[in-house]
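So the chains spell out like this:
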Amino acid sequence: MCYSKVNVRRDYEALADYIIKHTNVAKSCDKELKFLKDGLRNQLFDMAHIESGLTSKKAIESGLKKSQLTKEHMYPRNQSAKKLIEAALDGRSKKYIVDSIKMMCRVHITTKEENLSLVKLQRDPDYHWEKGYKTAGIELIEYEWPNSRNKYVYKVGNVCYNTVREAAEAHGCTEPAASARFTSKAKNSQYKGWTRYERVD
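Below is a short write-up of the structure. Everything numeric here is computed off the predicted structure, so don't read it as measured data.

In this section: the side chain of His 108. Mapped onto the elements of the fold, His 108 is located in strand β3 (residues 106-110). A polar contact of 2.6 Å, which involves the side chain of His 108, links it to the side chain of Ser 52. Look past the residues within four positions of His 108 in its chain and what remains in contact with it is Ser 52, Leu 54, Thr 70, Lys 71, Glu 72, Met 74, Trp 129, Tyr 133 and Leu 140.

Next up, the structure:
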């Protein structure tokens, strides 16, 4: 089996299954849970990130291309890995864990320096990104990057996506189906949690 060719970057459900399965196996051994946590921390970094639609003011003013800036994970990976394992140990549902993974894969666009300024703050076990950004003096604003074709930010529940394609892949449906869900105006639609709004400079 050539597992090296398997692409799992957007398979959040498979990662949730992995967490539930291996937490159950390792739950009676702290060392095994530590190995699981460390591996999961790295896997969260490798998963496809989900942009929040927010960029730091300094990143915009820097004049750098988006590709030269940093995708800063809102939630520290070490903290996130611990919370996912705790959720599995507590018997939380697969859906809860999948939603948590997607939330933990969200990123803001910042400068490299801003990203580094958060490292020490993120060591606090009670760290929350809003407080951390305020302490570090990082101001976030909604920003549409030049030449972007994406007029809208797409939101499903509490998770934001930059494109219909990202949302479709995350929820296992086709792009036309996802687009229909975002534009549906039916009051009783089962997809009323699927919304979109225009980006604001």
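What follows picks up the thread again.
An order of β6-β5-β7 is seen for the three strands of this open sheet, with the pairing classed as antiparallel. Two strands in the sheet have a free side with no partner beyond their single neighbour: β6 (159-161) and β7 (194-198). Direction aside, neighbouring strands of the sheet carry axes that sit 30° apart on average. Sheet topology places strand β5 (residues 152-156) next to β7; five bridges connect them, and they run antiparallel. Residue pairing in the sheet places Val 153 in a bridge with Tyr 197 of β7. The strands touched by helix α9 (residues 175-183) are β5 and β7; relative to β7, the strand with the most contacts, the crossing angle is about 75°.

Parameters and conventions
- Residues numbered from 1 in each chain as written.
- Predicted model: local features only at pLDDT ≥ 70, side-chain atom pairs only at ≥ 80, totals over all residues.
- Heavy atoms only, no water.
- Helix = DSSP H or I, 4+ residues; strand = E, 2+ residues; numbered from the N terminus.
- Polar contact = N/O pair within 3.5 Å; in protein donor to acceptor, adjacent residues only side chain to side chain.
- Contact = heavy atoms within 4.5 Å.
- Pairing = 2+ DSSP bridges.
- Axes fitted to C-alpha atoms, helices over the stretch in contact; angles between N-to-C directions.

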